[in-house]
Amino acid sequence: MKEIMAVIRMRRTSATKKALVAAGVAGFTAVKVSGRGRLVTDPTQIEECKEKLLSMGVNDFGGVEDTEKLVTSFLDGSRFFPRRLFTILAHDEDVPRIVEAITRANKTEYGIGDGVVFVLPVLDAVRVRTGESGEAAIW
Amino acid sequence: MLLIRAIVRPEKKDDVLEELSSAGFNAATMVDVVGRGKQKGIKIGGMVYDEIPKILILVAIQDADKDKVIKTILKTAKTGNEGTFGDGKIFVSPIEEVYTISKGIQEL
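One structure accompanies this document, and this report is about it. (Residues numbered from 1 in each chain as written. Chains lettered and ligands numbered in written order. Predicted model: local features only at pLDDT ≥ 70, side-chain atom pairs only at ≥ 80, totals over all residues.)

Structural notes on the overall build of chain A
- Across its full length, chain A carries four helices and four strands.
- Of the regular secondary structure in chain A, the N- to C-terminal order runs β-α-β-α-α-β-α-β.
- Taken over the C-alpha trace, chain A has a radius of gyration of 20 Å; the compact-globule value for 139 residues is 14 Å, which it surpasses by more than 25%.
- By principal-axis analysis of the C-alpha atoms, chain A measures approximately 65 × 25 × 25 Å.
- Taking contacts inside chain A between residues at least 6 apart in sequence as the whole, the part at least 24 apart equals 79%. (Helix = DSSP H or I, 4+ residues; strand = E, 2+ residues; numbered from the N terminus. Rg over C-alpha atoms; globule rule 2.2 N^0.38 Å. Contact = placed C-beta atoms within 7 Å.)

Rendered as C-alpha coordinates:
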(Lines give C-alpha, C1' and ligand atoms only; values in the text may rest on other atoms or scores of the structure.)
Protein backbone atom coordinates (compact mmCIF):
# COMPACT_ATOMS: atom_id res chain seq x y z
CA MET A 1 0.00 0.00 0.00
CA LYS A 2 1.42 3.37 -1.00
CA GLU A 3 0.49 7.01 -0.63
CA ILE A 4 1.23 9.15 -3.67
CA MET A 5 1.58 12.87 -2.95
CA ALA A 6 1.77 15.11 -6.00
CA VAL A 7 2.24 18.88 -5.92
CA ILE A 8 1.04 20.23 -9.26
CA ARG A 9 0.01 23.43 -11.01
CA MET A 10 -3.48 24.78 -10.22
CA ARG A 11 -4.38 24.93 -13.91
CA ARG A 12 -3.51 21.27 -14.40
CA THR A 13 -5.97 20.05 -11.78
CA SER A 14 -8.66 18.99 -14.22
CA ALA A 15 -6.14 17.45 -16.63
CA THR A 16 -4.76 15.44 -13.74
CA LYS A 17 -8.23 14.33 -12.66
CA LYS A 18 -8.96 13.14 -16.19
CA ALA A 19 -5.62 11.36 -16.39
CA LEU A 20 -6.31 9.61 -13.08
CA VAL A 21 -9.70 8.38 -14.30
CA ALA A 22 -8.05 7.14 -17.49
CA ALA A 23 -5.49 5.32 -15.37
CA GLY A 24 -8.30 3.63 -13.47
CA VAL A 25 -7.97 5.56 -10.22
CA ALA A 26 -10.93 7.74 -9.39
CA GLY A 27 -10.35 8.46 -5.71
CA PHE A 28 -8.13 11.26 -4.49
CA THR A 29 -7.90 14.08 -1.97
CA ALA A 30 -6.83 17.54 -3.07
CA VAL A 31 -5.70 20.49 -0.99
CA LYS A 32 -4.82 24.04 -2.00
CA VAL A 33 -1.23 24.68 -0.98
CA SER A 34 1.53 27.08 -1.86
CA GLY A 35 4.95 25.88 -2.81
CA ARG A 36 8.33 26.70 -4.19
CA GLY A 37 11.22 24.74 -5.63
CA ARG A 38 14.94 25.01 -5.91
CA LEU A 39 16.63 28.44 -5.91
CA VAL A 40 18.03 29.59 -9.24
CA THR A 41 21.75 29.94 -8.56
CA ASP A 42 22.76 30.95 -12.07
CA PRO A 43 21.39 34.45 -12.89
CA THR A 44 21.93 34.00 -16.62
CA GLN A 45 19.18 31.37 -16.64
CA ILE A 46 16.45 33.90 -15.83
CA GLU A 47 18.01 36.79 -17.74
CA GLU A 48 15.90 36.38 -20.87
CA CYS A 49 12.57 36.12 -19.05
CA LYS A 50 13.52 39.01 -16.78
CA GLU A 51 14.23 41.29 -19.75
CA LYS A 52 10.85 40.39 -21.23
CA LEU A 53 8.97 41.20 -18.02
CA LEU A 54 10.88 44.42 -17.36
CA SER A 55 10.17 45.65 -20.88
CA MET A 56 6.44 45.51 -20.06
CA GLY A 57 6.80 48.67 -18.00
CA VAL A 58 8.01 50.00 -14.69
CA ASN A 59 6.01 50.17 -11.49
CA ASP A 60 5.11 53.84 -10.99
CA PHE A 61 5.51 53.77 -7.22
CA GLY A 62 8.75 51.91 -6.63
CA GLY A 63 10.74 52.86 -9.71
CA VAL A 64 13.15 50.69 -11.68
CA GLU A 65 14.97 49.20 -8.70
CA ASP A 66 11.81 48.03 -6.97
CA THR A 67 10.37 46.59 -10.16
CA GLU A 68 13.55 44.68 -10.82
CA LYS A 69 13.57 43.28 -7.29
CA LEU A 70 9.96 42.19 -7.68
CA VAL A 71 10.51 40.55 -11.06
CA THR A 72 13.63 38.77 -9.81
CA SER A 73 11.78 37.40 -6.80
CA PHE A 74 9.17 35.97 -9.15
CA LEU A 75 11.75 34.18 -11.24
CA ASP A 76 14.51 33.03 -8.90
CA GLY A 77 12.38 30.65 -6.86
CA SER A 78 12.23 32.52 -3.56
CA ARG A 79 8.51 33.25 -3.83
CA PHE A 80 5.65 30.87 -3.06
CA PHE A 81 3.14 30.10 -5.80
CA PRO A 82 -0.30 28.49 -5.49
CA ARG A 83 -0.26 24.76 -6.14
CA ARG A 84 -2.58 21.79 -5.67
CA LEU A 85 -1.54 18.85 -3.49
CA PHE A 86 -3.08 15.55 -4.59
CA THR A 87 -3.03 12.61 -2.22
CA ILE A 88 -3.83 9.20 -3.67
CA LEU A 89 -3.83 5.84 -1.91
CA ALA A 90 -2.82 3.00 -4.19
CA HIS A 91 -1.88 -0.67 -4.33
CA ASP A 92 1.84 -1.28 -4.79
CA GLU A 93 1.49 -2.57 -8.35
CA ASP A 94 -0.51 0.48 -9.51
CA VAL A 95 2.04 3.07 -8.38
CA PRO A 96 4.13 3.23 -11.61
CA ARG A 97 0.98 3.61 -13.70
CA ILE A 98 -0.38 6.45 -11.58
CA VAL A 99 2.94 8.27 -11.37
CA GLU A 100 3.26 7.97 -15.16
CA ALA A 101 -0.27 9.37 -15.63
CA ILE A 102 0.37 12.34 -13.31
CA THR A 103 3.71 13.07 -14.92
CA ARG A 104 2.28 13.00 -18.44
CA ALA A 105 -0.65 15.26 -17.50
CA ASN A 106 1.55 17.86 -15.81
CA LYS A 107 4.61 18.20 -18.00
CA THR A 108 4.83 21.64 -19.63
CA GLU A 109 7.27 23.25 -22.01
CA TYR A 110 8.62 25.61 -19.31
CA GLY A 111 10.96 22.97 -17.93
CA ILE A 112 10.56 24.26 -14.37
CA GLY A 113 7.84 24.49 -11.73
CA ASP A 114 5.82 21.47 -12.82
CA GLY A 115 5.89 19.99 -9.34
CA VAL A 116 7.02 16.78 -7.71
CA VAL A 117 5.54 13.39 -6.95
CA PHE A 118 6.36 11.64 -3.70
CA VAL A 119 5.65 7.97 -3.01
CA LEU A 120 5.34 7.16 0.68
CA PRO A 121 4.72 3.82 2.38
CA VAL A 122 1.41 3.38 4.25
CA LEU A 123 1.08 0.92 7.11
CA ASP A 124 -2.69 0.57 7.21
CA ALA A 125 -5.94 2.10 5.96
CA VAL A 126 -9.50 1.63 7.21
CA ARG A 127 -12.68 2.26 5.26
CA VAL A 128 -15.12 4.04 7.54
CA ARG A 129 -18.29 2.73 5.90
CA THR A 130 -17.52 -0.99 6.22
CA GLY A 131 -14.68 -1.07 8.72
CA GLU A 132 -12.53 -3.22 6.41
CA SER A 133 -8.82 -2.53 6.65
CA GLY A 134 -5.63 -3.14 4.72
CA GLU A 135 -5.56 -3.55 0.93
CA ALA A 136 -9.36 -3.95 0.82
CA ALA A 137 -9.84 -0.40 2.07
CA ILE A 138 -8.35 1.10 -1.09
CA TRP A 139 -11.01 1.74 -3.73
CA MET B 1 14.77 10.31 1.33
CA LEU B 2 12.62 11.83 4.03
CA LEU B 3 9.53 14.01 4.17
CA ILE B 4 9.57 16.51 7.03
CA ARG B 5 6.17 17.79 8.08
CA ALA B 6 6.50 20.70 10.46
CA ILE B 7 3.50 22.34 12.09
CA VAL B 8 4.47 25.85 13.15
CA ARG B 9 2.85 29.07 14.29
CA PRO B 10 1.65 31.24 11.39
CA GLU B 11 3.72 34.19 12.64
CA LYS B 12 6.89 32.07 12.66
CA LYS B 13 6.33 30.79 9.12
CA ASP B 14 8.44 33.42 7.37
CA ASP B 15 11.35 33.02 9.79
CA VAL B 16 11.38 29.26 9.37
CA LEU B 17 11.17 29.37 5.58
CA GLU B 18 13.83 32.05 5.30
CA GLU B 19 16.19 30.17 7.57
CA LEU B 20 15.57 26.92 5.67
CA SER B 21 16.25 28.70 2.40
CA SER B 22 19.55 30.11 3.60
CA ALA B 23 20.50 26.67 4.93
CA GLY B 24 20.12 25.38 1.38
CA PHE B 25 16.61 23.91 1.51
CA ASN B 26 14.63 26.35 -0.60
CA ALA B 27 12.02 23.92 -1.88
CA ALA B 28 8.99 23.70 0.41
CA THR B 29 5.23 23.39 0.35
CA MET B 30 2.99 25.04 2.89
CA VAL B 31 -0.61 24.41 3.85
CA ASP B 32 -2.89 26.38 6.15
CA VAL B 33 -4.22 24.00 8.77
CA VAL B 34 -6.09 24.15 12.06
CA GLY B 35 -5.47 21.90 15.01
CA ARG B 36 -5.11 21.43 18.71
CA GLY B 37 -2.59 19.75 20.93
CA LYS B 38 -2.30 18.01 24.26
CA GLN B 39 -3.63 21.11 26.06
CA LYS B 40 -7.01 20.61 24.32
CA GLY B 41 -6.99 24.06 22.79
CA ILE B 42 -7.07 27.40 24.53
CA LYS B 43 -9.71 28.48 27.01
CA ILE B 44 -10.38 32.21 26.96
CA GLY B 45 -13.14 33.19 29.36
CA GLY B 46 -15.78 30.52 28.98
CA MET B 47 -14.96 29.88 25.34
CA VAL B 48 -12.74 26.98 24.26
CA TYR B 49 -10.85 27.41 21.01
CA ASP B 50 -9.72 24.01 19.76
CA GLU B 51 -9.16 24.87 16.11
CA ILE B 52 -6.03 26.94 16.36
CA PRO B 53 -4.61 28.07 13.02
CA LYS B 54 -1.16 26.75 12.18
CA ILE B 55 0.99 26.35 9.07
CA LEU B 56 2.06 22.90 7.88
CA ILE B 57 5.38 23.01 6.05
CA LEU B 58 6.40 20.04 3.90
CA VAL B 59 10.06 19.64 2.99
CA ALA B 60 11.58 16.69 1.17
CA ILE B 61 15.24 16.08 2.00
CA GLN B 62 18.05 13.55 1.74
CA ASP B 63 18.55 11.30 4.77
CA ALA B 64 21.89 12.92 5.62
CA ASP B 65 20.36 16.40 5.97
CA LYS B 66 17.77 15.37 8.56
CA ASP B 67 19.53 16.70 11.67
CA LYS B 68 20.41 19.98 9.99
CA VAL B 69 16.83 20.66 8.85
CA ILE B 70 15.27 19.65 12.16
CA LYS B 71 17.73 21.80 14.09
CA THR B 72 16.96 24.78 11.82
CA ILE B 73 13.21 24.42 12.28
CA LEU B 74 13.50 23.88 16.04
CA LYS B 75 15.68 26.94 16.42
CA THR B 76 13.42 29.30 14.45
CA ALA B 77 9.96 28.01 15.35
CA LYS B 78 10.47 28.24 19.10
CA THR B 79 8.89 31.11 21.04
CA GLY B 80 11.21 32.53 23.70
CA ASN B 81 14.17 30.63 25.10
CA GLU B 82 12.23 27.83 26.73
CA GLY B 83 9.54 27.46 24.08
CA THR B 84 5.81 27.76 24.73
CA PHE B 85 2.81 25.48 24.34
CA GLY B 86 1.59 25.71 20.79
CA ASP B 87 4.97 26.07 19.09
CA GLY B 88 4.18 23.04 16.98
CA LYS B 89 5.59 19.64 16.06
CA ILE B 90 7.84 18.04 13.49
CA PHE B 91 7.03 14.68 11.91
CA VAL B 92 9.49 12.70 9.80
CA SER B 93 8.35 10.03 7.36
CA PRO B 94 10.22 8.02 4.74
CA ILE B 95 9.76 8.65 1.02
CA GLU B 96 10.32 5.69 -1.27
CA GLU B 97 10.40 7.45 -4.63
CA VAL B 98 10.54 11.04 -5.84
CA TYR B 99 9.79 12.22 -9.38
CA THR B 100 10.49 15.77 -10.56
CA ILE B 101 7.86 16.31 -13.23
CA SER B 102 9.49 19.10 -15.23
CA LYS B 103 12.78 17.23 -15.61
CA GLY B 104 11.09 13.84 -15.95
CA ILE B 105 13.63 12.23 -13.65
CA GLN B 106 13.42 10.14 -10.55
CA GLU B 107 15.25 12.35 -8.09
CA LEU B 108 14.79 15.35 -5.84
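Topic: the interface of chain B and chain A
- The partner chain A presents 30 residues to the 20 residues of chain B that form the contact.
- Broken down by secondary-structure element, the contributors of at least two residues to the side of chain B that touches chain A are strand 2 (28-35), strand 6 (89-94) and strand 7 (97-100) of chain B.
- When grouped by side-chain class, the residues that make up the side of chain B that touches chain A number eleven nonpolar, seven polar and two charged.
- In the sheet, strand 4 (residues 116-121) of chain A pairs with strand 7 of chain B via four bridges, with the strands oriented antiparallel. Across the sheet, residue Phe118 of chain A finds its bridge partner in strand 7 of chain B, namely Val98 of chain B. (Nonpolar A, V, L, I, M, F, W, Y, C, P; charged D, E, K, R; others polar. Pairing = 2+ DSSP bridges.)

Concerning the pairing of strand 1 (residues 2-8) of chain B
Residue and element names in this part refer to chain B.
- Bridge count for strand 1 against strand 5 (residues 52-61) is seven bridges, and the pairing is antiparallel. What sits directly across from Arg5, in strand 5, is Leu58.
- Inspection of the sheet shows strand 1 paired to strand 6 by six bridges, in the antiparallel sense. Bridged to Arg5 within strand 6 is Phe91.

Examining the sheet that holds strand 3 (residues 81-90) of chain A
- The nine strands lie next to each other as 6(B)-1(B)-5(B)-2(B)-2(A)-3(A)-1(A)-4(A)-7(B), forming an open sheet whose pairing is antiparallel. At either margin of the open sheet sits one strand with a lone partner, and together these are strand 6 and strand 7 of chain B. Along the sheet, successive strands turn relative to each other by an average axial angle of 25 degrees, direction set aside.
- Here strand 1 (residues 2-9) of chain A pairs with strand 4 of chain A via six bridges, running antiparallel. When the sheet's bridge partners are listed, Val7 of chain A is paired in strand 4 of chain A with Val116 of chain A. (Axes fitted to C-alpha atoms, helices over the stretch in contact; angles between N-to-C directions.)

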